[in-house]
Amino acid sequence: MKKIYFLSLAFLTLLVAGCKSEKKVTYYSDIYAEKPTLIFLSPVEDQTERRVEKYPKDAAYNNELNTAASYMFQTMAHPLINHGYYVIGAVASEQIAEQIGFTPKQWRNSGLQTLSQHYGVDAVLNTTIIRWAEENGKWIAYLEYQLRSAKTNVELMHKWVKAVKEVPTN
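Quantities reported herein were computed from a predicted structural model and do not represent experimental measurements.

Engineer: I'd like to hear about the layout of surface pockets, residue by residue, with values.
Structural biologist: By volume, the second largest pocket amounts to about 190 Å³. As for the second largest pocket, its lining consists of Met72, Trp132, Trp139, Ile140, Ala141, Ala163, Val164 and Lys165. Looking at the lining of the second largest pocket, the elements with two or more residues in it are β5 (138-149) and β6 (155-166). Taken together, the residues of the lining of the second largest pocket break down into seven nonpolar, no polar and one charged.

As structure tokens, then:
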């Protein structure tokens, strides 16, 4: 009986989620209109305030933030690849970013046509870590994602995300 209840609840949830797909099409209309295939990951901008290193705990906390930010940049390509996009990997992105020499503000506002002309990039994903917080054994990251067209320099998507990861402790 519990299995039938669970399966019917799961089916109802999928049905309700499927009905909301029209909003998704209208919300992401620019992405569907332009249809980018190759996405460039700009370096992650980390705006998180670091602790002043008075104690060893402060240095360990800052190291955890630095490691988390670099790990995030290295793994950002996987969800995009799973959705069918071609993504320039983290190492190649860093090398190209060093050659271009853009500041974080330029990644968001200036013309990205050079990426389109030289590397065939269709869109650039800018990621900003606004804040990290640790509360009750959970890491919470406040992120901002912006997808800009490298051809037309139009903003295709802009999302604010609150990501939560529970850290198991013994």
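Engineer: So what's going on with the packing of aromatic side chains? Residues and values would help.
Structural biologist: On inspection of all chains with the given rule, the structure shows two aromatic pairs. With centroids separated by 5.9 Å and ring planes inclined at 25 degrees, the aromatic side chains of Tyr61 and Trp139 adopt a geometry described as stacked. A residue pair is termed long-range when its members are at least 10 positions apart, and Tyr61 in helix α4 (residues 56-75) and Trp139 in strand β5 qualify at 78 residues. Overall, Tyr61 belongs to the buried group, its relative accessible area being 12%. For the pair Trp132 and Trp139, a centre-to-centre distance of 6.2 Å together with 85 degrees between the ring planes defines the contact as edge-to-face. Given a relative accessible area of 12%, Trp132 falls into the buried group. Given the relative accessible area of 15%, Trp139 is considered buried.

How each quantity is defined
- Residues numbered from 1 in each chain as written.
- Predicted model: local features only at pLDDT ≥ 70, side-chain atom pairs only at ≥ 80, totals over all residues.
- Heavy atoms only, no water.
- 1 Å grid on protein atoms, 1.4 Å probe; cavity = no way out; pocket = protein on both sides within 12 Å on 5 of 7 lines; lining within 4 Å.
- Points joined across faces, edges and corners; volume = space filled by probe spheres on them.
- Helix = DSSP H or I, 4+ residues; strand = E, 2+ residues; numbered from the N terminus.
- Nonpolar A, V, L, I, M, F, W, Y, C, P; charged D, E, K, R; others polar.
- Phe/Tyr/Trp six-rings, centres within 6.5 Å; stacked < 30°, edge-to-face > 60°.
- Buried < 20%, exposed > 50% of the residue type's maximum accessible area, 1.4 Å probe, protein only.

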